[in-house]
Amino acid sequence: MKLNVIKRAIGSVLLGTVLLLPTGCWDAEEVQRLNYIVGMGVDYEDNKFIIYGQMINFSSIAKQEQQNASVRNWVGRGKGETVLAAISDLIASGQGTMFLGHVNYLILSENVLKEQMLEKVFDFTNRNKETRYTKWFYGTKESMFDLLSAKSFFDRSTLDSILGNPEQNYSQLSNLKPYYINEIVAGMQEPSSTVIIPSVELTDKTWREQNKPINILKKSGGFIFNGTQYIGWMKMSDIMLGRWLQAAYEASPLTLRSNNRAIATLEVKNASHRIEIHDQKEGIPRFKVKLKAKGTLMELAEERPLEEIERLAEQTIRKELMEYYKKGLALHVDLLHLGQVYYMYHPEKWKSINVDGRFPLGPDSLEEIEVHLIIDHAQKYKSPQLNGAYKE
């Protein structure tokens, strides 16, 4: 009996001792001692990779609402014959553990793209166990130090800019869809694919702070690829011509002109399209693009019948898409993804007529563009052109 009492007492003591021991993982890092890389840039010069890492002081972000403090960031630079060697060179002066699990965006220089080093960069970023597939992906012609040192409005970090949070800007102005790196990789693997990587730059021509010009990030255009083969760069004004066919299109303005005068501005939304394939007797396919959209009347400089404004909008969109298609032909790329659609429905026929993995498009391949647009709103004005709920 006494022996059982002694055993229970010893067990209670041992249990209490275990409960008093510190809990948690023995090999866990203290969060405040980790250096979080939130943005990475990759350049290529003299047969060597140059890696740029951007760190942000997250404690300053937490204090912003209370003290209106500016966000401080650090940008480091490492160099090596491989991507990993360059990152190791960066880590060598890292002053602690450098953590890549929070990389939010990846920027590649034009040199990396021109030298066809894209696959080597992807091999590291997608193979590394820390980095995520859902990183926003960009190209640039600018200095990496300047880009990664830029801030957003009110001294916020680049996590609140078009680099780290591009979707909000795109929802207002659907110029060129932002992509995660896994979407880019998947798109490049598709047969007959054309991929456009958004390019970013700094501009001091738009915004001022206390009447002093400030550098702000903006999308400047796009780097065009046939599969993984770099083709060239296209400015944003040209890319805007084909915005209507983007899968994730949300909204953008359209200015209508007559006799070289602006007569109205619409916000075009709810755009959807389909591509029809018309096989000819000689076996060469022709394509027809059908586009439907709705518009909101934003400005009206001249009184015109609603039907006239709608028809003019349809003509303008049709003209822009045809011009966009022709620019693609000049670059030998399929900007409207006609060949990709043909492969989806006729893979065997595509294999018999493709040339080095490209669909042989010509000026006559795009047979017709059909646009149907309805203006269904005039904002706060009770426009006499509109009937029903929008007219009293």
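See above for the structure.
In this text, all values refer to a predicted model and were calculated from it rather than measured experimentally.

Student: Is there a simple way to think about the overall build of the protein chain in this case?
Tutor: Helix and strand counts for the protein chain stand at twelve helices and 15 strands. Counting the 392 residues in the protein chain, one finds 44% classified as buried. Of all intrachain contacts in the protein chain linking residues separated by at least 6 positions in sequence, the fraction that spans at least 24 positions is 67%. Carbon and sulfur atoms provide 50% of the accessible area of the protein chain, an area that totals close to 22,200 Å².

Student: What should I look at first to understand the environment of Asn175 in this one?
Tutor: Within the secondary structure, Asn175 sits in the loop between α7 (166–172) and α8 (181–189). Of the residues examined, Asn175 reaches a relative accessible area of 7% and is grouped as buried. A C-alpha to C-alpha distance of 8.4 Å links Asn175 and Tyr249, two positions 74 residues apart in sequence. In contact with Asn175, other than residues within four places in its own chain, are Tyr170, Lys219, Met236, Ile239, Met240, Arg243 and Gln246.

Student: Could you clarify how one ought to interpret the packing of aromatic side chains in this entry?
Tutor: When we look at a pair of aromatic rings, we describe it by the centre distance and by the angle of the planes. A full pass over the atoms with the stated rule returns 14 aromatic pairs. Judged by centre distance (6.2 Å) and plane angle (45 degrees), the rings of Phe223 and Tyr230 are tilted. When its relative accessible area of 12% is taken as the criterion, Tyr230 is described as buried. Ring pairing ties together the aromatic residues Phe153, Phe154 and Trp207, which thus form one cluster. Against the face of Trp233 rests Lys141, its NZ or CZ located 3.7 Å from the ring centre.

Student: It is not clear to me how the nonpolar core should be interpreted in this structure. Could you clarify?
Tutor: Judged by nonpolar contacts, the single largest core of 47 residues is most densely connected at Leu256, Leu266 and Leu338. Mapped onto this core, the elements with two or more residues apiece are α9 (236–239), β12 (251–258), β13 (261–279), β14 (285–300), α10 (306–331), α11 (338–345) and β15 (366–377). Take this core: its biggest share by element is eight residues, from α10. For Leu338, the residues in contact, after removing those within four places along its chain, are Ile275, Phe287, Val289, Tyr325, Leu361 and Leu366. By size, the runner-up hydrophobic cluster in this structure holds 32 residues, among which are Ile37, Leu106, Leu108 and Val121.

Procedures and definitions
- Numbering of residues starts from 1 in each chain and follows the order in which that chain's sequence is written.
- A pLDDT threshold of at least 70 governs which residues receive local features in this predicted model, and a stricter bar of 80 or more applies before side-chain atom pairs are shown or counted, although totals over entire chains, interfaces and linings include all residues.
- As a convention, hydrogens and water are excluded, and side-chain values are obtained from all of the structure's heavy atoms.
- Secondary structure elements are taken from DSSP: a helix is a run of H or I of four residues or more, a strand is a run of E of two residues or more, and numbering for both begins at the N terminus.
- Accessibility here uses a 1.4 Å probe with only protein chains present; expressed as a share of the type maximum, an area under 20% marks a residue as buried, one over 50% as exposed, and anything in between as partly exposed.
- Here, residues are in contact when the closest pair of their heavy atoms is within 4.5 Å.
- The accessible surface values rely on the Shrake-Rupley method and a 1.4 Å probe; as for residues, cover is taken only from the protein chains in view.
- Here a Phe, Tyr or Trp ring, Trp counted by its six-membered ring, pairs with any other such ring whose centre lies within 6.5 Å, and the pair is stacked when the planes are under 30 degrees apart, edge-to-face when over 60, and tilted otherwise.
- A ring has a charge above it when a Lys NZ or an Arg CZ is no more than 6 Å from the ring centre and no more than 35 degrees off the ring normal.
- To qualify as a nonpolar core, a set must consist of buried Ala, Val, Leu, Ile, Met, Phe, Trp, Tyr and Cys residues joined through side-chain atoms within 4.5 Å.

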